[in-house]
Amino acid sequence: MITIALSKGRIFEETLPLLAAAGITPAEDPEASRKLIIGTNRDDVRLIIVRASDVPTYVEYGAADLGVAGRDVLIEHGGAGIYQPLDLEIAKCRLMVATRNGFDYDGAVRQGARLKIATKYVQQAREHFAAKGVHVDVIKLYGSMELAPLVGLADAIVDLVSTGGTLKANDLVAVEHIRDISSRLVVNQAALKLKEDRIQPMLEAFAGAIGQ
Ligand code: PRT
Ligand code: MG
């Protein structure tokens, strides 16, 4: 059996055409079903539905052979023991620093102010501000980061931006670009060796389908 870990929502949707290119069709739509293990048209392939940030953990421990995870999630996880053979170029966005519209971010940085940063991406936020030589207190949140500057929890957030609509709706502005993000195929290293005969053709099918 080959087990593929996916999260619901954009990653599942954008992975479907790649699975199709490898001849894999899910038996059910995870949005409509409460099942966490979903069969496919292939007897030897199943999907498991996990939180986006849990995909690397399932793959690292071999509970899933393959998975699809954002670069944001992979950097935060650390990527130990996980092979990342392909950038799938899906679920694209940008990791950015954002503040309230009107907050003088550049001024605060120039004056050497200590900034409060709310984020789910603690590791990447620390690295970004350390590289700039800016002192920060990082406040870990699990979601709705956009709220933090509006209620005085933080001076700025580090979050993903795609259309910019969420920032705009909350009167926030992006002030710094940290990195471009897309999702990658991740593979358990032992599985790649043990099940190479079935995993390798899948990798080739995914690679062939990217960007088409
Ligand atoms: O939702 P859940 O808490 O379960 O986890 P998750 O938010 O990590 O999962 P999901 O499915 O929302 O995102 C999975 C992956 O998609 C992320 O790890 C990213 O790599 C990628 N991705 C691409 C995004 C976005 N675009 C994105 N726009 N993930 C989140 N967002 C959020 C962002 O955090 C912000 O709140 O959408 C909002 C901004 O969107 P715009 O279009 O208004 O700018
Ligand atoms: Mg989400």
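About the cut-offs
Residues numbered from 1 in each chain as written. Chains lettered and ligands numbered in written order. Predicted model: local features only at pLDDT ≥ 70, side-chain atom pairs only at ≥ 80, totals over all residues. Heavy atoms only, no water. Helix = DSSP H or I, 4+ residues; strand = E, 2+ residues; numbered from the N terminus. Buried < 20%, exposed > 50% of the residue type's maximum accessible area, 1.4 Å probe, protein only. Contact = heavy atoms within 4.5 Å. Areas by Shrake-Rupley, 256 points an atom, 1.4 Å probe, with all protein chains shown as cover. Lys, Arg positive; Asp, Glu negative; His and termini not counted. Charge placed at Lys NZ, Arg CZ, Asp CG, Glu CD. Near = heavy atom within 4 Å. Polar contact = N/O pair within 3.5 Å; in protein donor to acceptor, adjacent residues only side chain to side chain. 1 Å grid on protein atoms, 1.4 Å probe; cavity = no way out; pocket = protein on both sides within 12 Å on 5 of 7 lines; lining within 4 Å. Sits in = over half its atoms within 2 Å of the grid points. Patch = residues over 30% accessible without salt bridge, like charges linked within 9 Å, V, L, I, M, F, W, Y side chains within 5 Å. Salt bridge = Lys/Arg side-chain N within 4 Å of Asp/Glu carboxyl O. UniProt positions renumbered as here; feature names shortened; annotations may be inferred. Pairing = 2+ DSSP bridges. Axes fitted to C-alpha atoms, helices over the stretch in contact; angles between N-to-C directions.

Undergrad: Sorry, what's going on with the overall build of the protein chain here?
TA: What the protein chain contains, in helices and strands, is eight helices and 11 strands. Once the C-alpha set of the protein chain is aligned to its principal axes, its extents read approximately 60 × 35 × 30 Å. Taken over 212 residues, the protein chain has a buried fraction of 45%. Partitioning the contacts of the protein chain with sequence separation of at least 6, the portion at a separation of at least 24 is 65%. A total accessible area of about 10700 Å² is found for the protein chain, and carbon and sulfur atoms account for 48% of it. Averaging the coordinates of the 24 positive side-chain charges in the protein chain and doing the same for the 27 negative ones gives two points 4 Å apart.

Undergrad: How do you make sense of the site of ligand 1 when you look at a structure like this?
TA: Around ligand 1 lies a shell of 21 residues, among which R51, D72, T163, G164 and T166 are the nearest. Side-chain polar atom of R10 to a nitrogen atom of ligand 1: 3.2 Å apart, as the coordinates give it. A distance of 2.8 Å is found between an oxygen atom of ligand 1 and a backbone nitrogen or oxygen belonging to S162. When the free accessible area of ligand 1 is taken as 810 Å², the share hidden by the protein chains comes to 78%. With respect to the detected pockets, ligand 1 is housed in the largest pocket.

Undergrad: Explain a nonpolar patch on the surface to me, please; I cannot follow it from the model alone.
TA: Residues L147, V151 and L153 make up a contiguous nonpolar surface patch of roughly 270 Å² in combined accessible area. For L147, the location among the structural elements is in the loop between strand 8 (136–140) and strand 9 (156–161).

Undergrad: What is the right way to look at the UniProt feature "domain: ATP phosphoribosyltransferase catalytic" (unreviewed entry) in the protein chain in this model?
TA: As recorded in UniProt, the sites labelled "domain: ATP phosphoribosyltransferase catalytic" (unreviewed entry) are residues 51–206. Between the C-alpha atoms that bound residues 51–206 the distance is 22 Å, and the span itself is 33% helix and 33% strand.

Undergrad: What am I meant to see in the pairing of strand 11 (residues 183–188) here?
TA: Here is the key point about a regular strand: its side chains alternate between the two faces of the sheet. For strand 11, the buried fraction is high: five of the six residues fall into the buried class. In terms of strand pairing, strand 4 (residues 66–70) meets strand 11 through five bridges, oriented antiparallel. Note on strand 11: the bridge partner recorded for L66 is V187. Bridging between strand 5 (residues 82–87) and strand 11 involves four bridges; their strand directions are antiparallel. Looking at strand 11, one finds that I82 is bridged to N188.

Undergrad: Quick question: what am I supposed to make of the environment of A118 here?
TA: Following the sequence through the fold, A118 ends up in strand 7 (residues 115–119). With a relative accessible area of 0%, A118 lands in the buried category. The spacing of A118 and A209 is 91 residues in sequence and 37 Å in space, taken between C-alpha atoms. When near neighbours in sequence (up to four residues on either side) are disregarded, A118 contacts I139, L141, M145, A148, A154, A156, I157 and V158.

Undergrad: How should I be thinking about the sheet that holds strand 2 (residues 37–39) in this particular structure?
TA: Strand pairs in the sheet, formed through backbone hydrogen bonds, run parallel or antiparallel to each other. Taken together, the six strands give an open sheet; going across it, the order is 2-3-1-4-11-5, and neighbouring strands pair in mixed fashion. The strands lining the two open edges of the sheet, one partner per strand, are strand 2 and strand 5. Neighbour-to-neighbour, the strand axes of this sheet turn through a mean angle of 30°, independent of strand direction. Against the sheet, helix 1 (residues 10–21) engages strand 1 (2–6), strand 3 (45–49), strand 4 and strand 11, with an angle of about 145° to strand 1.

Undergrad: Is there a simple way to explain helix 5 (residues 122–132) in this structure?
TA: In an α-helix there are 3.6 residues to a turn, and that puts residues three or four apart on one side. Among all positions in helix 5, only V122, Q124, A125, H128 and F129 are buried. Positive backbone phi, approximately 75°, marks G133, located one or two places after helix 5.

Undergrad: Sorry if this is basic, but what is going on with the environment of D155 here?
TA: Residue placement: D155 occurs in the loop between strand 8 and strand 9. In the structure, D155 is positioned 137 residues away from L18 in sequence and 40 Å away in space, judged by C-alpha atoms. Dropping the residues within four chain positions of it, D155 is found in contact with T99, F103, R114, L115, K116 and P149. Polar contacts involving the side chain of D155 include one to the main-chain amide nitrogen of K116, which spans 2.7 Å.

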